[in-house]
Amino acid sequence: MSIRLRTLPWLALLLIACLHKPAFATEERCVDTSGELLGAILLAVDDDVVIHVVQGTYHLDVNPLDLIDDPSFGYTITIVGGYNSACTSRSLDPHLTTITGDADIVQLQTYDSLDIDSIRFAHIAGGVWLEAVSYGGSGPDEQVTLRRVIFEDLCTSGSCNGVNNGGYAVGINSDAVSMSHVLAVHNAHSGCALYVDNHDLDDVFLSYSVVGDNAGDGLCITDTQFADDDYRLHAENNIFWDNAGGQDIRTRASGHLTLRNNIYQVLDASPAPIGAPTGTLNQDPDFTAPASNDYHLQVGSPAVNSGTPFVSNPLTQDIDGGPRTVGSAPDRGVYETNIDDTNTLVVTTTADQLVPQITGSLRWAITQANADGGLNYIHFNIPGGCPRIITLAAPLPTITDRVIIDGYTQPGSAENTAAYGFNADICIGIRGDLSDDYAFRIPSSVSASHYLQLSGVAIGGFDNAAVDLQGGAGSWIHGVQFAGTLGSTALGNNAVNIRVSGSSTYYNLIGGEETADRNIIPYAWVTGVLMLATHANGSTVQNNYIGTSANGLAAAPNQVGIQVTGSHHTIRDNLISGNQSYGIELAGTSALDNFIASNRVGVRSITLCLPTCGPSDLPNIADGIRIHGDAHDNSINSNTIAWNGGAGVRIVDGLHNSLLSNTIYENDGLGIDLNAAGVDPVDNDAAPGAANLANRGLNYPALSLAEGGKHRGHVVTAFVSTNGTYLVQLFSDGSCDASGHGEGRKYHSTSVATIDNASPGSNGSVIVDIPVSSTSALGGRQFSMVVRDLAGNSSEFSNCAAYTCDQIFGYGGDGSSADTCP
């Protein structure tokens, strides 16, 4: 049978990580007029654009999207407010930078990512639509990120019925949405104040936000016709209050709702949350003056010191730049009060001894924190210049209560501000002698109500794990340097830099969303990060440099970058390069239900083109990602995996290890290699022994034809397997792998194919004909495919098919451009 399939590019799941674009491909603008702001946004047709907005009020009386020919901008748009006139410094307070106007709708819609920080949208005639979805366009990031953003008094015309915006004041569409410190208040439309489209949605992160006093409902994720029914909502420390529509949170299609320490009156969730909400309050949050848009908390507010530290997308400062946590727990909502019910201990000496403990030492401070029943802060004020090295006499006392250890309080310290790299000034070094098991440990006996937050220190010289999280929950390790040198002092290396183990610890975060959260994790002689824990809620490793130098341009190798033998962990947005063996290793039957997305594996942090491009390779010596020991049911989506010394992804055994929308190229081995090393045969994958093979030995397609005009054509393949429905992903590269099989430097589209003609114990077949289009010339490109069944088994890459030009090919009316193909 032969069918021509419609492409479904929206199945390009999650955040496709790529090499950072060359320096000249990012336009940076400092703007201080409405015209300059609009002009800077329009640059995103052709390049990434970073817009620094000077404090003031900007009028958009026309929708930016109406000024371009394409349905979306093509590249990343970053808008950051609060700058001084020279754009050399800024305030975080979004009230200082306002976008207003008479536009029926303001659409910031791109094929790449959209990042907005410290901006107030207010008094706009229509609504606001924010979208980052790669429908075969230039950019693959597919994430909307909002930090410290206000949506206030939208829909002043009484209507929010612009394009894409019927029925809500603010609409958002992307695979992943991260919102922290968002204030959505006094919006006039009777529909939802804040709507997230759940068509092909994976994750929504919402923390420290206020959605209140709106004419309609609060937060809505309600599509049922085209809904993704397994999206995940993570909402922590938010306040939903006095929304006149009667429903503060309204969700449909998915029950994967994690709701922790929110204040709301009405939750309308169908289906109901799989896990019951925790820490919910239905009490007036006691805002200072909400009628006047003042959403600070009064002293007696139930939101004060009642939040959870278990936040999926934490920030260290509140909406106007104050510290995020003051007291025993963070406040709920966008503002943090100065109500402090905690104790602060100050380290004043580098000296260390066991008996008697020295007052003012780090050992003494941890002992005091453990003895106190509440949250304790440990700050540093050690006399002398930077750095100050604490050489331990023995491992530090184990952590048995809540403690926040902040090395950045030492005079002379500064957090990382580099978008690419790590330029933090760390002044506190903690050094073992290679006989000390650990620097910081939470034992498995510690309950989930206790945690460690650690930042601003450098740690080396430990022969078990520098940081060992066996118990507690919600620990956060961020802005830390592991191993290497601090100033002229060699700290020594660690066996393992960070270990998360046991069955009781969860919601730990290694790294975080902001540049200041990035850890540098090199030189471990066992593994950089070891994820042993098996709790159903898992932990997250995000935005770290693992196996590289601080600038991400040279190797500082761990033996293994990240080793995962546990379950339910998320590994995303990391640079994992330069390691001695594997970048990421999934090993053993307990390594299941892990989610690995948007990492860069085997590449440098950035490639400079001035104008000739420098090297972009920083390979892991063996496979980029290796799966073995019957690890199963893991998802590997939208990563860039290149230049590694073995396969891009090697799956030795195990079932249901899914690969979708990854950018894989220039690896020494196969792009994807199942079972024994080398290309597998296309055979009867319905045979009885197939279940014992990696991903059941799923056959790859056999490409036969790739042809068409200069910009549009089609690719034809025959696919042989068992009855069922399959996702077929199409990729291309400038050249074919030496094996004759492809890798996938450029992702094109996902289609659906069905086999229904197989008899029991044997295979059936289907001919798949996929249209392809590109703004760049297709001539000479090598096309290949990867297939995935609905159980999550992915195949190897297919053989290559070189694109040939057909001057009479009439597909879609290529016109005279076909005459010049290639």
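To start, this report covers the structure provided alongside it. Please read these numbers as outputs of a predicted model, since none were measured by experiment. (Residues numbered from 1 in each chain as written. Predicted model: local features only at pLDDT ≥ 70, side-chain atom pairs only at ≥ 80, totals over all residues. Heavy atoms only, no water.)

### Things to note about the sheet that holds strand E41 (residues 540-542)
Pairing between the strands of a sheet is mediated by backbone hydrogen bonds and can be parallel or antiparallel. Filter applied, for reference: Note on pairing: DSSP must find at least two bridges between two strands before they are called paired. Each helix is a run of H or I in the DSSP string that is no shorter than four residues. Each strand is a run of E no shorter than two, and both are numbered from the N terminus.
Taken in spatial order, the eleven strands line up as E24-E25-E27-E30-E33-E38-E41-E44-E47-E50-E53 in an open sheet, and their pairing is parallel. Both edges of this open sheet fall to strand E24 (343-347) and strand E53 (658-660), since each of them pairs with a single strand only. Bridge count for strand E30 (residues 452-455) against strand E33 (residues 476-477) is two bridges, and the pairing is parallel. Following the sheet pairing, Leu454 is matched in E33 by Ile477.

### Some words on the pattern of salt bridges
Close approach of charged atoms allows side chains of opposite charge to pair. Operational definition: Salt bridge, as applied in this entry: a Lys or Arg side-chain nitrogen positioned within 4 Å of an Asp or Glu carboxyl oxygen. Relative accessible area decides the class of each residue, using a 1.4 Å probe on protein chains only: under 20% of the type maximum gives buried, over 50% gives exposed, and in between gives partly exposed.
Enumeration according to the criterion identifies 22 salt bridges in this entry. In this structure, Arg363 engages Asp352 in a salt bridge whose closest nitrogen and oxygen atoms are separated by 2.7 Å. Linking Arg363 in helix H2 (residues 362-371) with Asp352 in the loop between E24 and H2, this pair joins segments that are eleven residues apart in sequence. When its relative accessible area of 16% is taken as the criterion, Asp352 is described as buried.

### Considering unusual backbone geometry
In this structure, the amide linkage connecting Ser270 to the following residue, Pro271, adopts the cis form with an omega of 5 degrees. Note on placement: Pro271 falls in the loop between strand E21 (267-270) and strand E22 (287-289). Pro387 follows Cys386 through a cis peptide bond whose omega is 5 degrees. With respect to the secondary-structure elements, Pro387 resides in the loop between strand E25 (376-380) and strand E26 (388-391). Look at His186: it is not a glycine, yet its phi comes out positive at around 55 degrees. Looking at the element boundaries, His186 is found in the loop between strand E12 (176-185) and strand E13 (192-196). Of note in this structure, Asn695 is not a glycine but carries a positive phi near 50 degrees. Turning to its location among the elements, Asn695 is positioned in the loop between strand E55 (672-674) and strand E56 (702-708). Among the residues examined, Asn695 registers a relative accessible area of 0% and is labelled buried.

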